[in-house]
Amino acid sequence: DQIDEEESQIWNLHDAEAIVKRMRQKIHPLNRTVLANQALSMWEETMPLILRRFRTSSQTEFIETAFHIFAEADDSVIEPLKELYPDIRDPYARSTACVVFGMHDREEMIPMLLREYERFQEDYPDEEYEQGPLLALYQLYGMLD
């Protein structure tokens, strides 16, 4: 019942600001896709807000929901995400952005993904942030088919 109630609340969000605000709150994993779909239904309004927040956010809830949105979005998200990438503060957010580049088959990103893989290994040896660029490289080299 609680999951259904949360889903209903999400479907009733019809304002880009409200959607982005909800992305920052705890959400049941089953409803993350619902929230992503709601954001995508208003993509022109939500994209700039999501990208701006993605640059500075370190909230796992927000980063993971943004990832779902970017993964499902059309390729129009790639150029703004590429431009934003150097300014993304959180390493987890950067790692998930790398995965998005792979999911959208951006082969021109291979050199950057290789550099990021090495940088994450060096800068964050106790974390697994390098897995994002590595997964993207696997995708781009056809190793996940």
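Quantities reported herein were computed from a predicted structural model and do not represent experimental measurements.

Participant: Describe the overall build of the protein, with residues and values.
Facilitator: Broken down by element type, the protein carries nine helices and zero strands. Helices and strands appear in the protein in the N-to-C order α-α-α-α-α-α-α-α-α. The globule rule puts the C-alpha radius of gyration for 145 residues at 15 Å, and the 15 Å found for the protein is close to it. C-alpha atoms of the protein, sized along the principal axes, occupy 45 × 30 × 30 Å. Buried residues in the protein amount to 47% of all 145 residues. Counting contacts in the protein only where the partners sit at least 6 residues apart, residues at least 24 apart contribute 67% of the total. Accessible surface, the protein: about 8000 Å² in total, of which carbon and sulfur atoms supply 46%. Across the protein, the centroid of the 14 positively charged side chains sits 8 Å from that of the 30 negatively charged ones.

Participant: Quick one: what's the story with the nonpolar core, residue by residue and with numbers?
Facilitator: Ranked by size, the top nonpolar core spans 44 residues in total, and within it Ile50, Phe54, Phe70 and Leu81 carry the most contacts. When residues in this core are grouped by element, the largest group, six residues, is from helix H4 (residues 43-56). In this view, Leu81 contacts Leu51, Phe54, Phe70, Ile88, Ala97, Val100 and Phe101; residues no more than four positions away in its chain are not counted.

Participant: Tell me about the pattern of salt bridges, and please be specific about residues and values.
Facilitator: For the coordinates displayed, the defined rule picks out eleven salt bridges. Between Arg22 and Glu6 there is a salt bridge whose closest N-O contact spans 3.0 Å. Taken as a pair, Arg22 in helix H2 (residues 16-23) and Glu6 in helix H1 (residues 2-11) lie far apart in primary sequence, 16 residues in all. Summarising the burial analysis for this pair, Arg22 and Glu6 share the class buried. Notably, a salt bridge pairs Arg119 with Asp123, separated by 3.2 Å at the nearest N-O pair.

Participant: How would you explain helix H8 (residues 110-123) if you had to name every residue and give the values?
Facilitator: Its 14 residues give H8 an end-to-end C-alpha distance of 20 Å, which sits within 8% of 20 Å, the value for a rise of 1.5 Å per residue. Turning to H8, its buried residues are Ile110, Met112, Leu113, Glu116 and Phe120. Each buried residue of H8 sits inside an arc of 150° when the element is viewed along its axis, so together they form one side. Across from the buried face of H8, at angles greater than 90 degrees, the exposed residues are Arg115, Glu118 and Glu122. In the core, the buried residues of H8 are packed alongside helix H7 (91-103) and helix H9 (131-140).

Participant: I'd like a rundown of unusual backbone geometry, residues and numbers included.
Facilitator: A negative phi angle characterises most non-glycine residues, just as the trans form characterises most peptide bonds. Phi is positive for Asp105, close to 55°, though the residue is something other than glycine. For Asp105, the location among the structural elements is in the loop between H7 and H8.

Participant: Explain the side chain of Glu61 residue by residue, including any values.
Facilitator: Take Glu61: it is sitting in helix H5 (residues 60-72). Here Arg32 takes part through its side chain, which lies 2.8 Å from a polar atom of the side chain of Glu61.

Participant: Let's hear about the packing of helix H3 (residues 29-41) against H4: which residues, and what values?
Facilitator: Viewed as axis vectors pointing N to C, H3 and H4 meet at an angle of 110°, and their least axial separation amounts to 6 Å. For the element pair H3 / H4, the angle class is roughly perpendicular. Taken together, the residues of H4 that come into contact with H3 (itself represented by Ala39, Leu40 and Ser41) are Trp43, Thr46 and Ile50. When the residues that make up the contact of H3 with H4 are grouped by side-chain class, the tally is four nonpolar, two polar and no charged.

About the cut-offs
- Residues numbered from 1 in each chain as written.
- Predicted model: local features only at pLDDT ≥ 70, side-chain atom pairs only at ≥ 80, totals over all residues.
- Heavy atoms only, no water.
- Helix = DSSP H or I, 4+ residues; strand = E, 2+ residues; numbered from the N terminus.
- Rg over C-alpha atoms; globule rule 2.2 N^0.38 Å.
- Buried < 20%, exposed > 50% of the residue type's maximum accessible area, 1.4 Å probe, protein only.
- Contact = heavy atoms within 4.5 Å.
- Areas by Shrake-Rupley, 256 points an atom, 1.4 Å probe, with all protein chains shown as cover.
- Lys, Arg positive; Asp, Glu negative; His and termini not counted.
- Charge placed at Lys NZ, Arg CZ, Asp CG, Glu CD.
- Core = buried A, V, L, I, M, F, W, Y, C linked by side-chain atoms within 4.5 Å.
- Salt bridge = Lys/Arg side-chain N within 4 Å of Asp/Glu carboxyl O.
- Expected span 1.5 Å × (residues − 1).
- Arc of directions from axis to C-beta.
- Polar contact = N/O pair within 3.5 Å; in protein donor to acceptor, adjacent residues only side chain to side chain.
- Axes fitted to C-alpha atoms, helices over the stretch in contact; angles between N-to-C directions.
- Parallel < 35°, antiparallel > 145°, perpendicular 65-115°, else oblique.
- Nonpolar A, V, L, I, M, F, W, Y, C, P; charged D, E, K, R; others polar.

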